[in-house]
Amino acid sequence: MNLVYKALGHRLFWPLAMLVVLLAVNVIAVPGFLSITVNSEGHLFGSLIDIVRNGAPTLIIAVGMTLVIATRGIDLSVGSMCAIAGALACSIILASPTPNDVGTVTVAVLLSLALALVLGVWNGFLVAVLGIQPIIATLILMTAGRGIAMLITEGQILTVNSAPFKFIGSGFLAGIPVATIVAAVVLALVALLTRRTALGMLIESVGINPEASRQAGVRARGLLFTVYALSAVLAAVAGLILTSNQTAADSNNTGWLIELDAILAVVLGGTSLNGGRYSLTGTLVGALVIQTLITTVYTVGIPPIATMVFKAAVVVAVTLLQSSRVSSALARRRSRGRRAETVGSAAEAVAR
Amino acid sequence: MKKTLGLFAAGAVALAMTACSGGATPAEPGAAGGAPNKPLDQLVVGFAQVGAESGWRTANTKDIQESFKTAGIQLKFSDAQQKQENQISAIRSYIQQGVDYIAFSPVVQTGWDAVLQEAKTANIPVILTDRAVDSKDTSLYVTFLGSDFVAEGKKAGEWVTNEYKDAKEQVSIVQLEGTTGSAPAIDRATGFADVIKANPNLKVVASQTGDFTRAGGKQVMEAMLKSQPKIDLVYAHNDDMGLGAIEAIEAAGKVPGKDIKIVTVDAVHDGMVALTEGKINFIVECSPLLGAQLIDVIKKLNAGEKVEARIVTNEGTFTQEQAKEALPNRKY
C-alpha cells in the first residue's frame, strides 16, 4: 500500500499513466498497434517506431529547452531556428553542383549548425549580458527568424533531391530510424554532461537563485551563454531532421509552434517553469506523450475539426493531476476515507 | 534634435507633394470603383497572399508578381503565412495606404465581412483570387477569379468511379484533406463525395487533414497505413500531401501507384514528375497561373467596364501518359 502512495506521488506517475492510457486507446482501436515488424529493407516498422521517429525533433528541442528552463529562462526562438537551419542547408545543397555528395551535405549541415550557434550566442548575449527577460529576448528571434529563413530561401519552398540529406530524417541505421538515434545520442550526451559533472547542479543553482550562486562563485553568465547556444544548436539539429523528412525547406511551416510542444514536454516531465530542479527523463516522457497524442488522433480517426480540443483535453488532464494542489486534495480525500465533508472540501480545493 | 526635426519637415514636404500630385489626376476622387481610367503606371494594387505553403502557391505568387511587372502596374505584396489575422491586417494596411484595388486569396472562408466592408467604404474594389469567401453580401467583392474546387473534386471522383467500375467488393479510399475550414478542402471533399456515392462499393474509410503540406501528408499516411486493414486508393487534396503519402507507402514496403493508387489535385512540377514515374495515377489540374487574368480584370475595371462575378481559370486533368507529354512544357 505504501508503495502505491509512493508511485502516486512520483512526479512522473501521471505523465506515464497518460502515456499508457493513450497507448491502450490505440490498441483498442487498432489491435496490432504495438506490433513491430521488420520490413523488406530490414527497417523496423510499426506505429511505435513512427512515434519515436516523428517525436525525435520535439525531444531534441525539449532537451535543450529543459536546461534553459532550469536556469529560469525560456527559449521561444527554437521553431524559427528549425526553419533557418533547414533553409540554409537546403540552399547550400541546391547551389552545389554535387547535391548527392556526402561532403556537400556535411558542409551544409555543419554551416547550419554554426549559424545556429551564432544565433544562440546572440540569445545568450541578450539574456546574460544585457539582462533582457528571456521571453522577450528570444521572442525577437522567434519573430525575426522566419523572416531570415525567408530571405535565405527567397520566399520559396526549396525541394532537394539529395540521398545523403534525406538520410538524416528518413534514413535507417541498423534498422533503427536515424532521427531516433540522433535524439537518443543527444539525450544521453546532455544527461552525461550535466549529471556526471557539476554542470547540472550549477545550472540548477542559477535557476534557483542567480544572486546567491554568483556570490558562491558560480559563473552564471557563462552558463547562460552555454544553455542558449546549446538550445539553438539542438533546435537546428531538429530543424534539419524535419526538413530532411519532408525533403523540402519550408520557411513558414518547418518547426511551426514546436517551441510550445517542447515547453509542454518539459513541463509534463515535471520541470518547473520557475527554474531549478530539472528532469531529462521527465522531458523524454513528456515528448513521448505529445507524439503519441498526435499519432492517436490519426490512428483512432478523430475528426480534424475536433483534434485541437482533444489535445487540449489530454494536456489539461495531465497538468491538473500533476498540480500539487489537486494531488494534495486527492490525498486528503484518500486518507480521510469516505466522509462526505472531506469530499466537499476536496472539491472546494479543486475549485479554488 | 535639430536634425530629427529637419527630417520630419522634409517628410512632411514629401507627403504634401505626393498629396498634390495625387490631387492633380483628373478623375473625380471617391468615385465608385476607385478612380477609373487612371494610367496603368499610376495604379497601385495590394495583394494579400495566403503564404508559401506549397509549390503551387509559390508558382501562383511568381506568376502574379511577373504579370504585374509586365503590365507595369505597381504591386504591393504581402505574405500572411497561412494566418487569417495576418491577412486581415495586410488588407487593412492596404486600405489605409489608399491602394486602387485589393486582391487576395482568403486563408479560410469565413470572417471577412468586417474588413471587406471597410474596403467597400473606402471605395476600393476587392478581387478574390483562387479561393472564395462565404459571405451573404456579394457586393463586398467585384469578382471571384479562380478554380472551381467542387468541379476538381468531381473530376477526381469521376476518374475513381471509372477506374473501379468493375469492382465487385469494397474499394477502401483514404482522403488526405487540406487545411480544415479552407474552401479547397471543403469543396474538393464535397465534389469527390458527390460523384463516388453513385457506386456503393467506393467507400472513404478514413479522412484526416494533412494541412496541404508534405510532412502532414506523410505523417497522416503513416498512421493510416497501420490503422486501416486495407487501403486501395489515396485521394489527396493537393500534390504535396500526395508526395508525402508516397514516402509513407514506400516505407511500408508497398508500391505507390500499384498496390495503393493515388489521385491528387494541383499538377505542380514535383507531382507531375511522380505521375510520369507511375507513383501517382491521376492528377486534376488546378492552375496557379492566374496573373494574366487578374491583370485583365483590373484593366477592365480601370476602364470602367463590368466584369463577370465569377471567372473560372482554364484547367484540365492528366493521366500518366498525358503527363509524359505535358511535363517538358510546364511552367511550374
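Residues numbered from 1 in each chain as written. Chains lettered and ligands numbered in written order. Predicted model: local features only at pLDDT ≥ 70, side-chain atom pairs only at ≥ 80, totals over all residues. Heavy atoms only, no water.

Moving on, we come to the overall build of chain B. When helices and strands are counted, chain B shows 11 helices and 12 strands. Taken over 332 residues, chain B has a buried fraction of 54%. Looking at chain B alone, contacts between residues at least 24 apart form 74% of all its contacts between residues at least 6 apart. For chain B, the computed accessible surface area is about 14300 Å², with 54% contributed by carbon and sulfur atoms. (Helix = DSSP H or I, 4+ residues; strand = E, 2+ residues; numbered from the N terminus. Buried < 20%, exposed > 50% of the residue type's maximum accessible area, 1.4 Å probe, protein only. Contact = heavy atoms within 4.5 Å. Areas by Shrake-Rupley, 256 points an atom, 1.4 Å probe, with all protein chains shown as cover.)

Within chain A, the regular secondary structure consists of 17 helices and six strands. Against the compact-globule benchmark of 20 Å for 352 residues, chain A has a radius of gyration of 22 Å, which places it among compact chains. The buried share among the 352 residues of chain A stands at 49%. Of the roughly 15900 Å² of accessible surface on chain A, a fraction of 69% belongs to carbon and sulfur atoms. Averaged over its 21 positive side-chain charges, chain A has a centre that lies 16 Å from the centre of its 12 negative ones. (Rg over C-alpha atoms; globule rule 2.2 N^0.38 Å. Lys, Arg positive; Asp, Glu negative; His and termini not counted. Charge placed at Lys NZ, Arg CZ, Asp CG, Glu CD.)

Residues and elements named next belong to chain B. Splitting chain B by domain gives domain 1 (37-147 + 288-314) and domain 2 (149-286). A straight line from the C-alpha centre of domain 1 to that of domain 2 covers 30 Å. In this assembly, 13 residues from domain 1 lie in contact with 15 residues from domain 2. Together, Trp56, Gln109 and Ser147 form the three largest contributors to the area buried by domain 1 at its contact with domain 2, with a combined 46%. The interface formed by domain 1 and domain 2 contains zero salt bridges. Applying the counting criterion to the domain 1 and domain 2 interface returns zero residue pairs in polar contact (both at pLDDT 80 or more). Looking at the side of domain 1 that touches domain 2, its residues break down into five nonpolar, five polar and three charged. (Domains from an automatic or database assignment. Buried area = accessible area lost by both parts, 1.4 Å probe. Salt bridge = Lys/Arg side-chain N within 4 Å of Asp/Glu carboxyl O. Polar contact = N/O pair within 3.5 Å; in protein donor to acceptor, adjacent residues only side chain to side chain. Nonpolar A, V, L, I, M, F, W, Y, C, P; charged D, E, K, R; others polar.)

By size, the foremost hydrophobic cluster in this structure holds 115 residues, and its most contacted members are A:Phe165, B:Met221, B:Val234 and B:Met272. At 13 residues, helix α12 (residues 220-245) of chain A tops the list of elements feeding residues into this core. With sequence-adjacent residues up to four places away left out, B:Met221 is seen in contact with B:Val174, B:Ile231, B:Val234, B:Ala245, B:Ala248 and B:Ile249. (Core = buried A, V, L, I, M, F, W, Y, C linked by side-chain atoms within 4.5 Å.)

Counted by the stated rule, this structure contains two cavities of 30 Å³ or more. One number sums up the size of the second largest cavity: a volume of about 40 Å³. In terms of lining residues, the second largest cavity is bounded by A:Asp50, A:Asn54, A:Gln291, A:Thr295, B:Gln219, B:Glu222 and B:Ala223. Among the elements that make up the lining of the second largest cavity, the one with the highest residue count is helix α7 (residues 214-227) of chain B (three residues). Split into classes, the residues belonging to the lining of the second largest cavity amount to one nonpolar, four polar and two charged. (1 Å grid on protein atoms, 1.4 Å probe; cavity = no way out; pocket = protein on both sides within 12 Å on 5 of 7 lines; lining within 4 Å. Points joined across faces, edges and corners; volume = space filled by probe spheres on them.)

Checked against the element boundaries, B:Gln109 lands in the loop between β3 (101-104) and α4 (113-121). Discounting residues that sit within four places of it in the chain, B:Gln109 has contacts with B:Ala132, B:Val133, B:Asp134, B:Gly181, B:Ser182, B:Ala183 and B:Ile186.

As a further point, take the interface of chain A and chain B. On the chain B side, the residues contacting the 32 residues of chain A number 31 residues. With both chains or domains summed, chain A and chain B bury close to 2600 Å², and 49% of this area falls on carbon and sulfur atoms. When residues of chain A are sorted by the area they lose upon contact with chain B, A:Phe45, A:Tyr298 and A:Pro304 head the list and together hold 24% of the total. Taken together, the links from chain A to chain B amount to two salt bridges. In this structure, the connection of chain A to chain B is made through 10 residue pairs in polar contact (both at pLDDT 80 or more).

Another aspect to go through is the pairing of strand β10 (residues 282-285) of chain B. Residues and elements named next belong to chain B. Side chains Phe282 and Val284 of β10 all project onto a buried face; the interleaved residues Ile283 and Glu285 project onto the opposite face, where all are buried too. For the crossover from strand β9 (residues 261-266) across helix α9 (residues 269-276) to β10, the handedness is right-handed. Across three bridges, the pairing between β10 and strand β12 (residues 317-319) is antiparallel. Directly across from Ile283, in β12, lies its bridge partner Phe318. (Right-handed = clockwise from strand over helix to strand, strands pointing away. Pairing = 2+ DSSP bridges.)

Before going further, it helps to examine the sheet that holds β3(B). All names here are of chain B. Taken in spatial order, the six strands of this open sheet run β2-β1-β3-β4-β5-β11, and their pairing is parallel. One side of each edge strand has no neighbouring strand; the edge strands of this open sheet are β2 (74-79) and β11 (310-312). This sheet shows a mean twist of 20° between the axes of neighbouring strands, independent of strand direction. (Axes fitted to C-alpha atoms, helices over the stretch in contact; angles between N-to-C directions.)

Computed from the structure, the second largest pocket encloses a volume of approximately 1000 Å³. A:Thr159, B:Arg214, B:Leu243, B:His269 and B:Asp270 are the residues nearest the centre of the second largest pocket, which is lined by 37 residues in total. Residue assignment for the lining of the second largest pocket shows that the elements contributing at least two residues are α8 (163-170) of chain A together with α2 (55-71), α8 (239-251) and α9 of chain B. Here the lining of the second largest pocket takes six residues from α2(B), the largest share from any one element.

All names here are of chain B. Enumeration over the complete set of coordinates arrives at six aromatic pairs over all chains. Look at Phe192 and Tyr235: their rings are 3.9 Å apart centre to centre, the planes differ by 20°, and that puts the pair in the stacked class. Of the two residues, Phe192 sits in helix α6 (residues 183-196) while Tyr235 sits in strand β8 (residues 233-236), which places them 43 residues apart along the sequence. Each member of the pair Phe192 and Tyr235 is classed as buried. (Phe/Tyr/Trp six-rings, centres within 6.5 Å; stacked < 30°, edge-to-face > 60°.)

Before going further, it helps to spend a moment on the pattern of salt bridges. The tally for this structure, following the rule as stated, stands at 19 salt bridges over all chains. A salt bridge links A:Arg195 to A:Glu204, with the shortest nitrogen-to-oxygen separation between them at 3.3 Å. A salt bridge links B:Lys230 to B:Asp232; its shortest N-O distance comes to 2.9 Å. B:Lys230 sits in the partly exposed class, given a relative accessible area of 33%. Overlapping salt bridges, with partners in common, bring together B:Arg57, B:Asp130 and B:Arg131 in one network.

All names here are of chain A. At a closest axis distance of 11 Å, the pairing of helix α9 (residues 178-195) and α12 adopts a crossing angle of 170°. It follows from the interaxial angle that α9 and α12 lie roughly antiparallel. Pair α9 / α12 crosses with left-handed handedness. On α12, the residues touching Ala179, Val182, Val186 and Val190 of α9 are Leu230, Leu234, Val237 and Ile241. Classifying every residue of the contact of α9 with α12 by side-chain character gives eight nonpolar, no polar and no charged. (Parallel < 35°, antiparallel > 145°, perpendicular 65-115°, else oblique. Left-handed = near helix turned anticlockwise from the far one by under 90°.)

Turning next to the sheet that holds strand β6 (residues 171-177) of chain B. Residue and element names in this part refer to chain B. Read across the open sheet, the six strands follow the order β7-β6-β8-β9-β10-β12; overall the sheet is mixed. Only two strands of the sheet have a single neighbouring strand rather than two, namely β7 (202-209) and β12. The mean inter-strand angle of the sheet, taken between neighbouring strand axes irrespective of direction, is 20°. Relative to the sheet, α6 contacts β6, β7, β8 and β9, its axis offset from that of β6 by approximately 165°.

This next bit is on the pairing of β3(B). Residues and elements named next belong to chain B. Of the two faces of β3, the one lined by Tyr101 and Ala103 and the one lined by Ile102 and Phe104 are each fully buried. Where strand β1 (residues 44-49) and β3 come together, four bridges link them in parallel fashion. From the neighbouring strand, Ala48 faces β3, where its bridge partner is Phe104. Taken together, β3, α4 and strand β4 (residues 126-129) form a β-α-β motif whose crossover is right-handed.

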